[in-house]
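One-letter residues, chain by chain:
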Amino acid sequence: MARIAGVNIPTAKRVPIALTYITGIGPAIAHEICTAVKIDEQRRVNDLTDAEVLAIREYIDANLTVEGDLRRETTMNIKRLMDLGCYRGLRHRRNLPVRGQRTHTNARTRKGPAKAIAGKKK
Amino acid sequence: MARSVWKGPFVDAYVLKKAEVSRESGRNEVIKIWSRRSTILPQFVGLTFGVYNGKKHIPVNVTEDMIGQKFGEYSPTRTYYGHAADKKAKRK
């Protein structure tokens, strides 16, 4: 069991795949990490040596924002927009799409499940 | 697509002129502008603009965070009071 970046314990998967279990690390960054610390991408997490795990940990600490820090950064950015009183902030406040999508139909991801309209008959 | 960097930020000329005048006079009054499309520049920080929303001039106090955005972003053009049906449902 390898513990990288706090609570994450990726499994018996290939190293780049296992790294994507960390919030803020996708396939591209996982690949970047593997090349930076010179780990063959075909190897599994459970046959890494302690030194290699340490190298990965150090690389992430030095170069990336992941997990809690990243989440905090995103919520801070959204909060900044909301406090500013700009259009994007207003959309965030109302839980509506921020980037100019239509809301006549769709937009269910932001608006949540459809609410029945009282008194509307077919 | 984003605007070319070599052009610099877009600002209507009259906005610049009005800002300059009010800065020199030193009085803190609302500068009425209709140009929602103008970029907010660093030299506008601290001034108050009245940005037209099609009906009224909405006072916008420019702060540092606003630099690079457009004036229109701070003056919403639509009013939405919610649906009548929603309100009725809530009352019951």
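Anything mentioned here points back to the structure above.
Residues numbered from 1 in each chain as written. Chains lettered and ligands numbered in written order. Predicted model: local features only at pLDDT ≥ 70, side-chain atom pairs only at ≥ 80, totals over all residues. Heavy atoms only, no water.

Visitor: Hey, could you run me through the overall build of chain B in this one?
Guide: Looking only at helices and strands, chain B has two helices and three strands in total. Oriented by its inertia axes, the alpha-carbon framework of chain B measures out at about 55 × 40 × 20 Å. Across the 92 residues in chain B, those meeting the buried criterion constitute 29%. Of all intrachain contacts in chain B linking residues separated by at least 6 positions in sequence, the fraction that spans at least 24 positions is 41%. About 6700 Å² of surface is accessible on chain B, with carbon and sulfur atoms providing 56% of the total. Side chains of chain B carry 18 positive and 8 negative charges; the gap between the two charge centres is 13 Å. (Helix = DSSP H or I, 4+ residues; strand = E, 2+ residues; numbered from the N terminus. Buried < 20%, exposed > 50% of the residue type's maximum accessible area, 1.4 Å probe, protein only. Contact = heavy atoms within 4.5 Å. Areas by Shrake-Rupley, 256 points an atom, 1.4 Å probe, with all protein chains shown as cover. Lys, Arg positive; Asp, Glu negative; His and termini not counted. Charge placed at Lys NZ, Arg CZ, Asp CG, Glu CD.)

Visitor: Would you mind going over the pairing of strand β3 (residues 57-61) of chain B with me for this structure?
Guide: Each regular strand shows side chains that alternate between the opposite faces of the sheet. All names here are of chain B. The pairing of strand β2 (residues 48-52) with β3 spans five bridges and is classified as antiparallel. Looking at the pairing, Phe-49 lines up with Val-60 of β3. In this antiparallel pair of consecutive strands, β2 and β3, the connection spans four residues, and Gly-54 shows a positive phi of 100 degrees. (Pairing = 2+ DSSP bridges.)

Visitor: Explain the side chain of B:Thr48 here, please?
Guide: Residue and element names in this part refer to chain B. Structurally, Thr-48 is set in strand β2. Judged by its relative accessible area of 15%, Thr-48 is buried. Residues contacting Thr-48, with those up to four places away along its chain left out, are Asn-28, Glu-29, Val-30, Ile-31, Pro-59, Val-60 and Asn-61.

Visitor: Whenever I open this one, the sheet that holds β2(B) confuses me. Can you help?
Guide: The strands making up a sheet associate through hydrogen bonds between their backbones, and the pairing can be parallel or antiparallel. All names here are of chain B. Taking strand neighbours across the sheet as the criterion, the three strands line up as β1-β2-β3 in an open arrangement whose pairing is mixed. The sheet is open, and its two borders are formed by β1 (31-33) and β3, each paired with just one other strand. If you compare each strand with its neighbour and ignore which way they point, the axes differ by 30 degrees on average. Relative to β1, helix α1 (residues 13-25) is tilted by about 175 degrees, and along the sheet it contacts β1 and β2. (Axes fitted to C-alpha atoms, helices over the stretch in contact; angles between N-to-C directions.)

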